[in-house]
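An overview of the molecular structure
Letter by letter, the chains look like this.
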Amino acid sequence: MKKPEVIPSKIYTREGLVKQVAIWRFLGKSISFTNGCFDILHSGHISSLSEAAREGDILIVGVNTDASTKRLKGEERPVNNEGSRALLLASLAIVDAVTLFDEDTPFELILALMPDVIVKGGDYTLDQMVGAKEVIANGGRVVINPIVAGYSTTGIIEKIRKLG
């Protein structure tokens, strides 16, 4: 089914997403959440997003704004602006909703949405995961998936620099 006109409708404000989550919950859907900068989308991201999508009926992706990405990754980042990053993620069939967050972590967003499961890729521990305690206390769970070796935005940027 090809319906590109729905892609922009998958990008929500925080307030709009909170309302949409209430509708999904009313319909009995479980909510999976993951987040990141997703500056240059690569196979590692797709693997991580696929794993996150398997954990619930609905996958919500929180995306760091340009300002947040710059604070976390440095002055030369992001390569792609927040609108482009959100649009790319919204165009993926496995993603149901995308929203931007300006904070350094998605803590406030997680509290607002209170997903059934938080999924992160990486070498995090439960103690290091923002919002994990709150989601677990609410009856949810946390899933940590291993990073796919050999894929990173930083590595892609370095490779491009060497080509130049």
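To be clear, the structure that these remarks concern was listed above.
Residues numbered from 1 in each chain as written. Predicted model: local features only at pLDDT ≥ 70, side-chain atom pairs only at ≥ 80, totals over all residues. Heavy atoms only, no water.

1. A short note on the overall build of the chain
Along its length, the chain carries 7 helices and 6 strands. Reading the helices (α) and strands (β) of the chain from amino to carboxyl end gives β-α-β-α-β-α-α-β-α-β-α-β-α. By its C-alpha atoms, the chain is 55 × 40 × 25 Å across when sized along the principal axes. By residue count, 41% of the 164 residues in the chain fall in the buried class. Relative to all contacts within the chain whose residues are 6 or more apart in sequence, the contacts with residues 24 or more apart total 73%. (Helix = DSSP H or I, 4+ residues; strand = E, 2+ residues; numbered from the N terminus. Buried < 20%, exposed > 50% of the residue type's maximum accessible area, 1.4 Å probe, protein only. Contact = heavy atoms within 4.5 Å.)

2. Regarding a nonpolar patch on the surface
A cluster of nonpolar residues, Ile23, Phe26 and Leu27, forms a patch on the protein surface that exposes about 370 Å² of accessible area. Structurally, the position occupied by Leu27 is in the loop between α1 (14–26) and β2 (31–36). Assessed through its relative accessible area of 55%, Leu27 is described here as exposed. (Patch = residues over 30% accessible without salt bridge, like charges linked within 9 Å, V, L, I, M, F, W, Y side chains within 5 Å. Areas by Shrake-Rupley, 256 points an atom, 1.4 Å probe, with all protein chains shown as cover. Salt bridge = Lys/Arg side-chain N within 4 Å of Asp/Glu carboxyl O.)

3. Re the pairing of strand β5 (residues 117–121)
Within β5, 4 of the 5 residues are buried, which leaves it mostly tucked inside the rest of the structure. Where β5 and strand β6 (residues 141–145) come together, 5 bridges link them in parallel fashion. Residue Ile118 lies in a different strand from β6, and its bridge partner there is Val142. (Pairing = 2+ DSSP bridges.)

4. Details of the packing of aromatic side chains
Overall, the coordinates contain 1 aromatic pair when judged by the stated rule. Aromatic pair Tyr12 and Trp24: ring centres 6.4 Å apart, planes at 70°, arrangement edge-to-face. One end of the pair, Tyr12, is in strand β1 (residues 11–12); the other, Trp24, is in helix α1, with 12 residues separating them in the sequence. Each member of the pair Tyr12 and Trp24 is classed as buried. (Phe/Tyr/Trp six-rings, centres within 6.5 Å; stacked < 30°, edge-to-face > 60°.)

5. Focus on the side chain of Thr69
By the secondary structure assignment, Thr69 is in helix α3 (residues 66–73). Not counting residues up to four positions away in its chain, the partners in contact with Thr69 are Cys37, Asn64, Gly74, Arg77, Pro78 and Arg85.

6. Remarks on the nonpolar core
Grouped together as the largest cluster of nonpolar side chains are 19 residues, with contacts concentrated most on Leu17, Val21, Trp24, Phe33, Ile60 and Leu113. When residues of this core are traced back to their parent elements, those giving at least two are α1, β2, β3 (58–64), β4 (97–101), α5 (107–113) and α6 (132–137). Dropping the residues within four chain positions of it, Leu113 is found in contact with Leu17, Val18, Val21, Arg25, Phe33 and Ile60. (Core = buried A, V, L, I, M, F, W, Y, C linked by side-chain atoms within 4.5 Å.)

7. A few points about the pattern of salt bridges
Applying the stated criterion to the full structure yields 7 salt bridges. One salt bridge connects Arg77 with Asp39, and the closest N-O pair in it is separated by 2.6 Å. Placement of Arg77 in the loop between α3 and α4 (82–90) and of Asp39 in the loop between β2 and α2 (43–54) is noted, with a sequence separation of 38 residues between them. Here Arg77 matches Asp39 in class, with each residue buried. For the salt bridge of Glu55 with Arg141, the shortest nitrogen-to-oxygen distance reads 2.9 Å. Linking Glu55 in the loop between α2 and β3 with Arg141 in strand β6, this pair joins segments that are 86 residues apart in sequence. Using a relative accessible area of 22% as the deciding quantity, one classes Glu55 as partly exposed.

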